[in-house]
Amino acid sequence: MGALGGRQRTPHLIGREQPLRALFDALDELDGTTGMLAIVSGEAGIGKTRLLDEFAARADDADVARGACIEGVPYAPWTDALWWLLRTDGVVKLDDLPDGVRSQLPRLLPRLGVAPASTDDGQHVLFEAILDVLADAAGRTKLVLVIDDVHWIDPASRELLRYVTSNLRRVPMLVVVAYRPEDSTDDRELIAQLGRFGSHRIALEPLSPDATTELATFLTGDDGDKSDIERIARDADGNPLFVEELVAARDDGRIPPTLRDLMSVRFNSLDADARQLVRTAALVGLRAPRAWLAAASGLDADRARTSARAAVDAGVLLADNGGWGYAFRHALLRQAVLEDTLPDERIALHRAIAHALTDHPERAVDVDQVAELARHWDAAEEATPALRWLVAAAQQAEARYAFDAAFEAYERGLFWWGAVDAPSVVAGIDHAALVLAAADAAGFAGHIERAADLGRAGLEEACLIDPERGIEAASRVYGIMWTADRAPELHEFATRTLLPVIDQVNPRARARFLVSTVEYLLTHASPEEWREPAERMLEAIRDIGDPALEARGHSVMAQCYELLGEVDLVEAEAEQAVSIARDGGVHAMHALALFNYASFYQSVPKFDACLTCLDEVDELVEQYGLRRYLLPARSLRALVTALQGELGEANAMMAGIDRLPAEGYEAWFRATVRSLIDVLAGDYDDALAVLDPTEVGVAAPNDPDRIVHLAMLQADAHIWTGDIERARQEIDVGEAEVARNRETYWHGWLAMVAMRVEADAAVLGSASRRLDLIERSKTRADAILATWRAAVSSRPTLLPLERAYSAAVDAEMARLTGDDVIHRARAAASAFDKISMPYYATYFRWREAEALLADGRVPVATELLRHARGDTRSHGFAGLDAAITQLARTHQLRLGVGRTTIDGDEPLSARELEVLHLMVDGRTNPEIAGALFITRRTAAAHVSSIMRKLGTTSRVEAVSEAHRRGVA
């Protein structure tokens, strides 16, 4: 890649010696076996590109491939770097690459040939091919790969960057990533991940006053006025780009008030022809091929050359020394030019650019012509060519697994459809196919609600065309409709429209339809309703030669047996699903089968087996780029970790996924896990707040399991705060769903919480001698108990967790009636101990001690409370700890537990301890809120609570007291 010229530069790099040395240190650490990652960050104009240019120029013993991210352009930095590698002598020889690698490269570099059809391997095969190219280059030379402007990275390039950096152990090269922190708010998770991989972090700070003055002195020249230099150095505030622009603007005698105005000075100094050329270049992109730019600008050869020279001399454009074309001197300058271009001017320029590329495709060297034609015809508002090229660009993006780009292009194609004569001929597909393709791309890109809307519309159109297409479409969109919590809508339509013709379609379509039908019935129907369809499903998936569908069918069958309590059959079907998917090389299905298997083990519970399955899911996510399984798998892992009593670790896991975009099922799953962790930690207000639909960003769920789960969590939080009526309202919501839902996992949890609500209400009624309140509690408790016993009586065997729920329900009922409370509480604690769920074991020890004290058995109760309080302190169960402390205080007991929070009896919650640690680090309330992903108001409330509990009146006193007591 040739160096860009036409810009005045200092003879040496001013004020950046240490960052430059850090890059060479990273290069020197390459040992020929594993790679290194360096991350360069800094605000706009701070000198990142100049630093990288200097590094590339001085790295004599290395080859430096560079690529820059361009907003909305899939794989832009990777195509730049790959072309450089292939064209540089002695770096990569295309003919020496394995056939499998060569066959994948046309996905990103169409000029190399035709890419193979997409496979179920997702992005993995493509990403592996690119990694192989990099490894081949690194085996021939000391290789540096620079990815610039990561703040503009497109989703596909982001995933490839994750993949390459996470596999640097296999490629001995240096990867350098550069970005602007102020423009990277949407990529915090990516930057955090890169930070874990990168051992070299280089943050470019403003230049020192001396360095700024040195730069201004050089740029003003020998005749520079000292007062001008001092003013420029002061106003630039250490930003090298500001220095350059202030020097350029000084002859006007007026200092523009904004950077945009500074950048416009050079552009506005050009004549009309040069401005036309520059505007055209701005719409082409940061870099524009010379011949394409000349043709698109509408200038004849002589005027184009003169205009280009003027733009370079004015420091607006830079000329590529290799003759390829022109680039903007800085991205901010291009932005200023775009803002100066009127909408009508943009449309006309886009039309000229598109015509130039259509008429002379050979002039756009190394340009993704399909994507560029789509972009420019769309912006030119020319419906027919826009539709044609947008569909082509979407299909190309799908073949590259760039689903965000595909979705955007399909959406624009749908926009133009009605404005085109014979649109099916122009697009090459009919409208139903276009809508379903858009739904697929939207789903893969994570736009769940839009995908569901498109899927439903495409299904209806497909059904009007042909029953077989309708059934294929129904199976195709089921997953996205389920994720969007709209499965009942799809099932009702499919039952009415498609079920009557199910036996008239091809075996594969029939099998897919039956699998989706049974999946739906498992959640929304009784075993009597899904047994016969499940048998038909098993018969249908045999001998169709589709490992993904066969594995999916066996995974669904495992869920059938789980609902029936047939544990051995669950494991047999789940193992078969995993084995078929693994042997068939269908990686996405393999991950899904493992996740479903892990979910079963969590409900048994067999936590170690669950985590083993999730380990395999994580490996598949990492190896094959299956990012869609990242959030559910991490949420389930955090849930299991919390249930095992490791709240700190569970919180850390959730912090890693809190900012990942999520809709539908994934959004609610994450929210409920976060809420459960808050309940266990005693942060009840937070537990309720996180379940607010406005906080989740998704409408309240319709799925029965989710409704029961949500009701249980909210009732649990409300009863801990003493709000019995609100807790009862949530219980009633959950019980109404239970009446229609045969599943016992969330039902058992709900029954346990519901019985506690009524026991607490009865205790309050006894204290106030309100017999009516006691009678109401008994009536409600009898109904809850009857419903639960009816559910478990139909199962041949109970899972260990279900047995623990039954013991818990009995213990709470005993607390209400006063019948054998001690022994039943002890049995419940023992049941939860056996399945490694310490929170509930500790809860029932508290209840046992409470009953022992009522029976006058003080020494035994004291010892039990001492043991229970030790558990609450070690696990961070702050709410339980407060309850045990209050019970001990009421009976004037001295528990003698070692101090782990504060001296007094009122402990800090786990969240308050986290906040206190951040206070000790000197964090402000906004910084605490950002670090813990809570609101500023919540952070302030925690700080106030901490100061009250520590008996202090200021943050400084609180930090000092925390140090004195050894709790921070």
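Further up the page is the structure itself.
Residues numbered from 1 in each chain as written. Predicted model: local features only at pLDDT ≥ 70, side-chain atom pairs only at ≥ 80, totals over all residues. Heavy atoms only, no water.

Mind showing me how you'd approach the nonpolar core here?
Here is a general trend for soluble globular proteins: nonpolar side chains tend to be buried in one another's company. Counting residues in each nonpolar core, the largest one holds 297 residues, and the members touching the most others are Trp78, Trp749 and Phe832. Per-element accounting of this core gives the leading share, 13 residues, to helix 38 (residues 745–767). If near-sequence neighbours (up to four positions away) are discounted, Phe832 is found in contact with Met752, Leu801, Ala804, Tyr805, Ala808, Met837, Tyr840, Ala841 and Phe844. With 25 residues, the next largest nonpolar core counts Ala22, Phe24, Val40 and Leu52 among its residues. (Core = buried A, V, L, I, M, F, W, Y, C linked by side-chain atoms within 4.5 Å. Buried < 20%, exposed > 50% of the residue type's maximum accessible area, 1.4 Å probe, protein only. Helix = DSSP H or I, 4+ residues; strand = E, 2+ residues; numbered from the N terminus. Contact = heavy atoms within 4.5 Å.)

What is the right way to read the pairing of strand 9 (residues 325–328) from this model?
Within a regular strand, the side chains alternate between the two sheet faces. Summarising the sheet, strand 7 (residues 287–289) and strand 9 pair through 3 bridges and their orientation is antiparallel. Its bridge partner being in strand 9, Arg287 is matched across the sheet by Ala327. In the sheet, strand 8 (residues 317–320) pairs with strand 9 via 3 bridges, with the strands oriented antiparallel. Within strand 9, the residue paired with Leu318 across the bridge is Ala327. (Pairing = 2+ DSSP bridges.)

For this particular structure, what's the right way to read the environment of Phe607?
Counting through the fold element by element, Phe607 comes out in helix 30 (residues 607–624). Overall, the relative accessible area of 5% leaves Phe607 in the buried class. Once the C-alpha coordinates of Phe607 and Glu663 are considered, the two residues, 56 residues apart in sequence, prove to be 27 Å apart. With residues up to four places along the chain from it excluded, the contact list for Phe607 reads Tyr601, Gln602, Val640, Leu643, Gln644, Ile835, Ser836 and Met837.

When you look at the sheet that holds strand 5 (residues 174–179) in this model, what are you seeing that I'm missing?
Hydrogen bonds between backbone atoms are what pair the strands of a sheet, whose relative direction is either parallel or antiparallel. Spatially, 5 strands are ordered 3-4-5-2-6 in an open sheet, and the strand pairing comes out parallel. Whereas interior strands pair on both sides, the edge strands pair on one side only; in this sheet they are strand 3 (63–68) and strand 6 (200–203). Averaged over all adjacent pairs, the angle separating strand axes in this sheet is 15°, with direction ignored. Where strand 4 (residues 143–148) and strand 5 come together, 4 bridges link them in parallel fashion. The residue of strand 5 that forms the bridge with Ile147 is Val177. Across the sheet, helix 1 (residues 17–28) is in contact with strand 2 (36–41), strand 4, strand 5 and strand 6; its angle to strand 6 comes to roughly 165°. (Axes fitted to C-alpha atoms, helices over the stretch in contact; angles between N-to-C directions.)

Can you help me understand the side chain of Arg637 in this one?
With respect to the helices, strands and loops of the structure, Arg637 is situated in helix 31 (residues 630–643). Its relative accessible area of 13% is what places Arg637 among the buried residues. Within the structure, the side chain of Arg637 is placed 3.0 Å from the side chain of Asp618, a separation counted as a polar contact. The contact partners of Arg637, leaving out residues within four places of it in the chain, are Leu611, Leu614, Asp615, Asp618 and Met653. (Polar contact = N/O pair within 3.5 Å; in protein donor to acceptor, adjacent residues only side chain to side chain.)

Function cannot be inferred from these measures alone, as they are strictly geometric.
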